[in-house]
Amino acid sequence: PSDLELYAGIFGAQPIINSTCLFGTCGWFDGNSKELLEATHSRFDLDSVTVNAWVYSRNFGKERTVTAFGTGDATAGANPPDWRLGMVGNTENEGRGGFQATNSAGTILACKSPNNFTSNSWIMMTGVKNATGLYYYENAVLINGTCPLTGVLQKSNIQFSAPLLSVGASWQASIGGYSSFWNGSIDEVLVLNTPLNSSDVLTLYNNQSKKFYPRGE
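The following paragraphs examine the structure supplied in this document. Since the structure is predicted, the reported quantities are computational estimates derived from the model, not experimental observations. (Residues numbered from 1 in each chain as written. Predicted model: local features only at pLDDT ≥ 70, side-chain atom pairs only at ≥ 80, totals over all residues. Heavy atoms only, no water.)

1. A short note on the overall build of the chain
Where we set the bar: To qualify as a helix, a DSSP run of H or I must reach at least 4 residues; to qualify as a strand, a run of E must reach at least 2; elements of each kind are numbered from the N terminus. Under the scheme applied here, a residue whose accessible area is under 20% of the maximum for its type counts as buried, over 50% as exposed, and between as partly exposed, the area being computed with a 1.4 Å probe on protein chains only. Whether two residues touch is decided by their heavy atoms; if any such pair falls within 4.5 Å, the residues are in contact. Per-residue accessibility takes into account occlusion by the displayed protein chains alone, with areas from the Shrake-Rupley method and a 1.4 Å probe.
What the chain contains, in helices and strands, is 1 helix and 15 strands. Looking at the chain as a whole, 52% of its 217 residues qualify as buried. In the chain, once contacts between residues fewer than 6 apart in sequence are set aside, the share between residues at least 24 apart is 65%. Here the chain has roughly 9,300 Å² of accessible surface; of this, 50% comes from carbon and sulfur atoms.

2. Considerations on the side chain of Arg-64
The criterion, for reference: Polar contact is defined as a pair of N or O atoms within 3.5 Å, subject to the rule that within protein one atom must be able to donate a hydrogen and the other to accept it, and that residues adjacent in sequence are counted only when both atoms are side-chain atoms.
By the secondary structure assignment, Arg-64 is in the loop between β4 (49-57) and β5 (65-69). Among the polar contacts made by the side chain of Arg-64, one reaches the main-chain carbonyl oxygen of Phe-181 at a distance of 3.0 Å. For Arg-64, the contacting residues outside a window of four places in its chain are Gly-31, Asn-59, Arg-84, Gly-86, Met-87, Ser-180, Phe-181, Trp-182 and Asn-183.

3. Considerations on the state of the cysteines
Rule in force here: We call a pair of cysteine sulfur atoms a disulfide whenever their separation is within 2.5 Å.
Applying the stated criterion across every chain yields a total of 1 disulfide. Covalently, Cys-111 is tied to Cys-147 through a disulfide, its sulfur atoms 2.1 Å apart. For the disulfide bridge between Cys-111 and Cys-147, the dihedral angle about the S-S bond is near 75°, and by the sign convention the bridge is right-handed. Taken together, the positions of Cys-111 in strand β8 (residues 108-112) and Cys-147 in strand β11 (residues 141-148) put the pair 36 residues apart, joining distant regions of the chain. Overall, Cys-111 belongs to the buried group, its relative accessible area being 0%. Here Cys-147 falls in the buried class, since its relative accessible area comes to 7%.

So, in structure tokens, the structure goes:
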């Protein structure tokens, strides 16, 4: 009923496995080879974006992906993704939650937590790109809001044959396949074409957590 384009539940018909989820079924990922793909490319070419998901990680590690859009390398190589929500780190022993994006000038930025991601617990991860920068939230708490990235998002070259939206892994252009696999569960993935503010993110968290937990706790 507004100008928000909500892409939620598009993966509901093809969960990897029916695991213990927050709500209904969800995707379970083994950290090695499983991912979900969405092949309708152009509707995810956005100027600004909010990306949100509930995640359960069995362990943390370098560059594990919750969801990403773009044809490039998850590790921000020569062809970085338009955006990526997941773990960001320099070593396998460093897995920090974060949101990475590339603007139309080709500038790449990763907005991440200063601490390693919490394993074995459901967490709502939210990444936002607006006209001035990136913002990363965990359970509606702003973890990092000092990530300046001006301009609109990069627009991936959509004639590429590979599906550009992925959940549970990222397309790795340098190897022509998927990598950065998530190890754990992912539920309630959504993408908005509007950058939410902190109040909006808190409302989203409260509304969803009431569905998952007694009294919204």
